[in-house]
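# Per-entry structural report
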Amino acid sequence: MRPLIFLLAFCLAIPAHAEGFITRLLNKPVPGGVAVVDLGNPAQAPKVHYQGKPVLTVHEDGQRWIAIVGIPLSVKPGSQQVEVEGGQKLSFQVDAKHYTEQRLTIKNQQQVTPNAANLKRIERELAEQTRAYQQFSARQPSNLMFDRPVNGPLSSPFGLRRFFNGEERNPHSGLDFAANRGTPIRAPAAGKVILIGDYFFNGKTVFLDHGQGLISMFCHLSEIDVKLGDEIARGGHVGKVGATGRATGPHLHWNVSLNDARVDPAIFIGAFKP
């Protein structure tokens, strides 16, 4: 009788299905984070949208489909929903997260309060980059546990409220790595080069499409070593660390975007801090 009681207690302690590796790694449902939503196990990959935009779906551990949803920093804590093709709506909860402040001094005042000509340039460049972030290709990401794009310590984290010369600007939309000028930058996952530019704020910049709306952006580069349309393998060379654009010194600024929402890259390298 005792072994039977023990077995029953053990079974009751096991969840209906154990979370897979991807869910444990990525499910950080906060503003600027990622929500993993269980879609069950239909025969075909479900088509999912969040805030009107298509969402990355993968078959986790061969057991169930999951939606990997990027949550914009602007989303308030509380209940959110994804829409599954066919009309089903699935809810997930967004938890609160506090982001700290960062105050920087920029010598070039034009990079704090640009003149009219530079504002036109900035608007044009922003539209170009926004179109890149909104791309949604059919390819499946090669890996979701990303490699670090450079060898170097993390410096400015994602989500910082930033003040340049005392004036508040947009929150920090990526993760910075402290690294020397010329340090090689590697692709954290396989991807296609979908945009290259030399921008007012970002300097020399590369966008990599990893698949299904999962996109990396690398900026402030000193050199770009890829061409538009190149297919880059995981670990492939993208460029070199620099200080171009609005930068106080050499470093890599790395953005990760999901369904056109900039999210914390630290989630994808196992370095997220609640």
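Look up: the structure comes first, before these words.
The rules behind each value
- Residues numbered from 1 in each chain as written.
- Predicted model: local features only at pLDDT ≥ 70, side-chain atom pairs only at ≥ 80, totals over all residues.
- Heavy atoms only, no water.
- 1 Å grid on protein atoms, 1.4 Å probe; cavity = no way out; pocket = protein on both sides within 12 Å on 5 of 7 lines; lining within 4 Å.
- Points joined across faces, edges and corners; volume = space filled by probe spheres on them.
- Nonpolar A, V, L, I, M, F, W, Y, C, P; charged D, E, K, R; others polar.
- Pairing = 2+ DSSP bridges.
- Helix = DSSP H or I, 4+ residues; strand = E, 2+ residues; numbered from the N terminus.
- Axes fitted to C-alpha atoms, helices over the stretch in contact; angles between N-to-C directions.
- Expected span 1.5 Å × (residues − 1).
- Contact = heavy atoms within 4.5 Å.
- Core = buried A, V, L, I, M, F, W, Y, C linked by side-chain atoms within 4.5 Å.
- Buried < 20%, exposed > 50% of the residue type's maximum accessible area, 1.4 Å probe, protein only.
- Domains from an automatic or database assignment.
- Polar contact = N/O pair within 3.5 Å; in protein donor to acceptor, adjacent residues only side chain to side chain.

## Let's talk about the layout of surface pockets
Counted as a void, the second largest pocket has a volume near 330 Å³. Surrounding the second largest pocket, 15 residues form its lining, Pro157, Phe158, Asp264, Ala271 and Lys273 being those nearest its centre. Its residues assigned to classes, the lining of the second largest pocket comprises 9 nonpolar, 3 polar and 3 charged.

## Details of the sheet that holds strand 1 (residues 34–38)
Ordered in space as 1-5-4, the 3 strands form an open sheet in which the pairing is antiparallel. In the strand order of this sheet, the two ends are held by strand 1 and strand 4 (56–60), each with one partner. The sheet shows a mean angle of 30° between the axes of neighbouring strands, taken without regard to direction. Across 5 bridges, the pairing between strand 1 and strand 5 (residues 64–70) is antiparallel. Pairing of Val37 across the sheet is with Ala67, part of strand 5.

## Concerning helix 3 (residues 116–133)
Here helix 3 contains 18 residues, and its C-alpha end-to-end distance of 26 Å stays within 8% of the 26 Å for a straight helix at 1.5 Å per residue. Those residues of helix 3 that are buried are in contact with strand 13 (191–199), strand 14 (203–211), strand 15 (214–224), strand 18 (251–258) and strand 19 (261–263).

## Remarks on the side chain of Gln129
Relative to the helices and strands, Gln129 is located in helix 3. Setting aside anything within four residues of it in sequence, one finds Gln129 in contact with Leu195, Tyr199, Asn202 and Phe207.

## Topic: the nonpolar core
Core analysis: the largest hydrophobic core is formed by 43 residues, its most contacted members being Leu26, Ile68, Phe218, Leu252 and Phe268. Considering each element in turn, this core owes the most residues, 4 residues, to strand 18. The residues that make up this core include at least three from each of domain 1 (21–94) and domain 2 (101–269). Contact partners of Phe218, with chain neighbours within four places excluded, come to Pro149, Ile185, Pro188, Lys204, Thr205, Val206, Leu208, Val238, Leu252, His253 and Trp254. Among the nonpolar cores identified, the runner-up in size contains 16 residues, and Val37, Val48, Val84 and Val94 belong to it.

## What to know about the environment of Leu119
Inspection of the secondary structure assignment puts Leu119 in helix 3. You can call Leu119 partly exposed: its relative accessible area is 39%.

## Comments concerning the side chain of His172
Among the structural elements, His172 can be located in the loop between strand 10 (167–169) and strand 11 (175–178). Within polar-contact distance, the side chain of His172 engages the backbone oxygen of Gly174 at 3.1 Å.

## A word on the environment of Leu160
Relative to the helices and strands, Leu160 resides in the loop between helix 3 and strand 9 (161–164). Along the sequence, Leu160 and Tyr99 sit 61 residues apart, while their C-alpha atoms lie 5.6 Å from each other.

## Quick notes on the sheet that holds strand 7 (residues 88–94)
Pairing is antiparallel across the open sheet formed by 4 strands, whose spatial order is 3-2-6-7. In this open sheet, the two edge strands, each paired with only one partner strand, are strand 3 (53–54) and strand 7. Of the strand pairs in this sheet, strand 2 (residues 48–50) and strand 3 are connected by 2 bridges, and their pairing is antiparallel. The residue bridging His49 from the neighbouring strand is Pro54, located in strand 3.

## A look at the pairing of strand 15
For strand 15, the tally of buried residues reaches 9 of 11 residues, placing the bulk of the element in the interior. Of the pairings in the sheet, the one linking strand 14 to strand 15 comprises 6 bridges and is antiparallel in character. Following the sheet pairing, Phe207 is matched in strand 15 by Met217. With 5 bridges connecting them, strand 15 and strand 18 associate as antiparallel partners. Within the sheet, the bridge partner assigned to Ser216 lies in strand 18 and is Val256. Here strand 15 runs beside strand 17 (residues 237–241); their pairing, made up of 3 bridges, is antiparallel. Counted as the bridge partner of Leu221 is Val241 from strand 17.

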